[in-house]
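# Notes for the structure review
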Amino acid sequence: QVQLVESGGGLVQPGWSLRLSCAASGTISNINAMGWYRQAPGKGRERVAGIDNGRRTSYADSVKGRFTISRDNAKKMVFLQMNSLKPEDTAVYYCVADKTAFAVNPDYWGQGTQVTVSS
């Protein structure tokens, strides 16, 4: 079993930055990929960014050039640096982990952290 706990969300103005953190615990030796999903009000869950054990990354088109995902295996953490935030980035952001790849059905989910971008 893997537990994921997100932190770092908050209320910011458009153009500002936030850095989300995710701490993993439990049996994570077989985890090959981690990432972030988000869910905006009235919308479904959207894949935002992923990173595998080789630190190869992938991003949704809507966040490319603005968001950066990274991980620290020693600390069992994954991060999401979010720059140039837009109101449409407002959502609950979920940390996810998968045994194989950053796919549409992650094996583990965190509880989510709220990001609100508003003036």
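Everything below is about the structure shown above.
Here's a quick rundown of the structure. Please read these numbers as outputs of a predicted model, since none were measured by experiment.

## Some thoughts on the layout of surface pockets
- Taken as a whole, the largest pocket spans an internal volume of roughly 160 Å³.
- Its residues assigned to classes, the lining of the largest pocket comprises five nonpolar, three polar and three charged.

## Here's the deal with the packing of aromatic side chains
- This structure, assessed with the given rule, holds two aromatic pairs.
- Pairing Y94 with W109 gives two aromatic rings, centres 5.9 Å apart and planes at 75 degrees, and the pair type is edge-to-face. Separated by 15 residues along the polypeptide, Y94 in strand 9 (residues 91-98) and W109 in strand 10 (residues 108-109) bring together distant segments of the chain.
- Grouped by ring-pair contacts, the aromatic residues Y37, Y94 and W109 constitute a single cluster.
- Across from the ring centre of Y94, 4.9 Å away, lies the NZ or CZ of R45, which sits over that ring.

## Some remarks on the state of the cysteines
- Counting across every chain of the model gives one disulfide.
- Across the disulfide from C22 sits C95; the S-S distance is 2.1 Å. The disulfide joining C22 to C95 has a torsion of about -80 degrees about its S-S bond and is therefore left-handed. In this pair, C22 is assigned in strand 3 (residues 18-26) and C95 in strand 9, connecting sequence segments 73 residues apart.

What counts, and where the lines are drawn
- Residues numbered from 1 in each chain as written.
- Predicted model: local features only at pLDDT ≥ 70, side-chain atom pairs only at ≥ 80, totals over all residues.
- Heavy atoms only, no water.
- 1 Å grid on protein atoms, 1.4 Å probe; cavity = no way out; pocket = protein on both sides within 12 Å on 5 of 7 lines; lining within 4 Å.
- Points joined across faces, edges and corners; volume = space filled by probe spheres on them.
- Nonpolar A, V, L, I, M, F, W, Y, C, P; charged D, E, K, R; others polar.
- Phe/Tyr/Trp six-rings, centres within 6.5 Å; stacked < 30°, edge-to-face > 60°.
- Helix = DSSP H or I, 4+ residues; strand = E, 2+ residues; numbered from the N terminus.
- Lys NZ or Arg CZ within 6 Å of the ring centre and 35° of its normal.
- Disulfide = S-S within 2.5 Å.

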